Amino acid sequence: MNTLYEKMDSSIMSHINEYMDIVKKLYDCPEIGFQEFKTQKTLVDYLQKVGFDTKESLACPTDFVAEYQATKPGPTIAFMCEYDALPEVGHGCGHNLIAGIGIAAGVALKSIIDEIGGCIKIMGTPGEENFGGKVKMVEAGLFDNVDVALMVHPGTRNGLGGKSSALNPVKFEFYGKNAHGCSPQEGKSALDAAVMTYMQINLLRQFVEPKTFIHGIISDGGAAANVIPAYASMEYYFRAPTMKYALEVTEMAKKCAEGVCLATGTTFKTSIYECPYEDTLVNYTLADMLKEKYEYLGLEDIKLIDEEGNGSTDVGSVSYKCPTIQGGIKIADSHVAGHSKEMANATVSDSGKQGLINASKAISYLACDLMTQPEKLEKVKKEFMDSINSH
């Protein structure tokens, strides 16, 4: 066995109870996006204790960057940690385990980094579910000097990650005129405008490109049945394989609203109500390397690259800044749904512990190879630049 791998294995296994204590602490105290203050302190305190230089709240309130620079120069590898929870179900997306994996892998790499040279960054990326912590961190330049960014997400399959959809979240607000329900001719119904726009946008579905998704709700339709509403609002997600096309579909939807408002004598405006997410650029070289590491660890039933990209993630923004992979690790059986209490429970189970071990070993091995085999890093970077230039 590779001697460097053995040293990293020893690091992971000797601290595994500490990592699972962190995972359990986050599980017991779930915090939603940009409110993860206790979580941030838990993770930063631990990383300071094990020798990382840390900086907090650089691009958003609850982020952090923990860094260790080797005595010899070399590439910079980042391990991304997510840790925001969901309302009601807590860590149903497994972000508490993602944090444990990132820390375990980073500390493992630290055990050999002075020998091989380079820099480790453990990036605390909050608010993935709705607020785009990674987007803000990319915009702040925190990934500018990163050569490769690595992460593993828990779920029901061991996987190599894949594409994700671009997401444009748009709020429509309609303005009319109040009137008594028995004198509707004196009013202009903002609710009618919203309902008719909703129906028109629904009719767009058959005319958009494949792998394009439109989800919407009427978030405000008035306060009393006997009052013609002067205000109504809708919230929409427009998803597409690229942000360019998501914006095109958004413009189609706005045209629907314009026509309806002309017909109903109302007006409308739109705004971005959450953080837009880029699609994810797949780095197939990194995926091949991760597959090799999973097989080395004896993992089976490895899901290959997901080319569909139905979901959205702020990892997409990172993938446009540097070569990036978000692999998957199995911690639960296929009947367990994502974003569920059952998935949250799996993070603190024996399967969750084994998932942390497997995932942190795999990406620490991968990082080691990138740092010690320049030709592999060069291949990863060339693919990244080719992908960027083709978009």
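Residues numbered from 1 in each chain as written. Predicted model: local features only at pLDDT ≥ 70, side-chain atom pairs only at ≥ 80, totals over all residues. Heavy atoms only, no water.

**Q** Would you take a moment to explain the overall build of the protein chain for this structure?
**A** Scanning the protein chain from N- to C-terminus turns up 12 helices and 14 strands. Its C-alpha radius of gyration of 23 Å places the protein chain within 12% of the 21 Å reference for a compact globule of 391 residues. With the C-alpha coordinates aligned to their principal axes, the bounding extent of the protein chain is approximately 80 × 45 × 40 Å. Residues classed as buried in the protein chain amount to 55% of the 391 residues present. Restricting the contact set of the protein chain to residue pairs at least 6 apart, pairs at least 24 apart contribute 80%. Of the roughly 16,700 Å² of accessible surface on the protein chain, 51% is carried by carbon and sulfur atoms. Charged side chains in the protein chain number 36 positive and 51 negative. The centres of these two groups are separated by 1 Å. (Helix = DSSP H or I, 4+ residues; strand = E, 2+ residues; numbered from the N terminus. Rg over C-alpha atoms; globule rule 2.2 N^0.38 Å. Buried < 20%, exposed > 50% of the residue type's maximum accessible area, 1.4 Å probe, protein only. Contact = heavy atoms within 4.5 Å. Areas by Shrake-Rupley, 256 points an atom, 1.4 Å probe, with all protein chains shown as cover. Lys, Arg positive; Asp, Glu negative; His and termini not counted. Charge placed at Lys NZ, Arg CZ, Asp CG, Glu CD.)

**Q** Whenever I open this one, the pattern of salt bridges confuses me. Can you help?
**A** Two side chains carrying opposite charge are able to pair once their charged atoms lie near each other. Counted by the stated rule, this structure contains 18 salt bridges. Between Lys134 and Asp314 there is a salt bridge whose closest N-O contact spans 2.9 Å. Of this pair, Lys134 sits in helix H5 (residues 133–139) while Asp314 sits in the loop between strand S13 (302–303) and helix H9 (315–319), and the two are 180 residues apart along the sequence. Of the two residues, Lys134 and Asp314, neither departs from the other in class, the shared state being buried. (Salt bridge = Lys/Arg side-chain N within 4 Å of Asp/Glu carboxyl O.)

**Q** I would appreciate a short explanation of the side chain of Thr250 in the present structure.
**A** Along the polypeptide, Thr250 turns up in helix H7 (residues 243–264). Among the polar contacts made by the side chain of Thr250, one reaches the main-chain carbonyl oxygen of Ala246 at a distance of 2.8 Å. The contacts of Thr250, once residues within four sequence positions are left out, are Asn168, Val170 and Phe238. (Polar contact = N/O pair within 3.5 Å; in protein donor to acceptor, adjacent residues only side chain to side chain.)

**Q** Please explain the sheet that holds strand S7 (residues 166–175) as it appears in this structure.
**A** Strands sit in the order S9-S11-S7-S12 across an open sheet of four strands; the sheet is antiparallel. One side of each edge strand has no neighbouring strand; the edge strands of this open sheet are strand S9 (213–220) and strand S12 (267–272). Across the sheet, the mean angle separating the axes of adjacent strands is 20° when strand polarity is ignored. Here S7 pairs with S12 via six bridges, running antiparallel. Opposite Phe174, over in S12, you have Phe268 as the bridge partner. The sheet contacts of helix H6 (residues 190–203) involve S7, S9 and strand S11 (231–240), and relative to S11 the element is tilted by about 20°. Contacts from H7 reach S7, S9, S11 and S12 within the one sheet, and its direction differs from that of S7 by about 15°. (Pairing = 2+ DSSP bridges. Axes fitted to C-alpha atoms, helices over the stretch in contact; angles between N-to-C directions.)

**Q** How should a nonpolar patch on the surface be read in this particular structure?
**A** A cluster of nonpolar side chains, Val195, Met199 and Ile218, forms an exposed patch at the surface whose accessible area comes to about 240 Å². Within the secondary structure layout, Met199 lies in helix H6. (Patch = residues over 30% accessible without salt bridge, like charges linked within 9 Å, V, L, I, M, F, W, Y side chains within 5 Å.)

**Q** Got a minute to help me understand the pairing of strand S5 (residues 148–155) in this structure?
**A** Side-chain direction in a regular strand flips from residue to residue, so the side chains alternate between the two faces of the sheet. Across the eight residues that make up S5, a large majority, eight, are buried. Of the two faces of S5, both are covered, the one formed by Val148, Leu150, Val152 and Pro154 as well as the one formed by Ala149, Met151, His153 and Gly155. Pairing geometry for S5 and strand S14 (residues 324–330), over seven bridges, is parallel. Paired with Leu150 across the strands is Ile325, a residue of S14.

**Q** For this particular structure, what's the right way to read the packing of aromatic side chains?
**A** The relative placement of two aromatic rings is captured by the distance of their centres and the angle of their planes. Applying the stated criterion across every chain, the model contains 14 aromatic pairs. The interplanar angle of 10° and the centroid separation of 4.0 Å between the aromatic rings of Tyr5 and Tyr365 together place this pair among those described as stacked. Within this pair, whereas Tyr5 is found in helix H1 (residues 3–14), its partner Tyr365 is found in helix H11 (residues 350–372), the two being separated by 360 residues in sequence. Grouping residues by exposure puts Tyr5 and Tyr365 together as buried. Joined through ring pairs, the aromatic side chains of Phe172, Phe174, Tyr198, Tyr236, Phe238 and Phe268 make up one cluster. The ring of Tyr68 carries the charged tip of Lys110 above its face, separated from the ring centre by 4.8 Å. (Phe/Tyr/Trp six-rings, centres within 6.5 Å; stacked < 30°, edge-to-face > 60°. Lys NZ or Arg CZ within 6 Å of the ring centre and 35° of its normal.)

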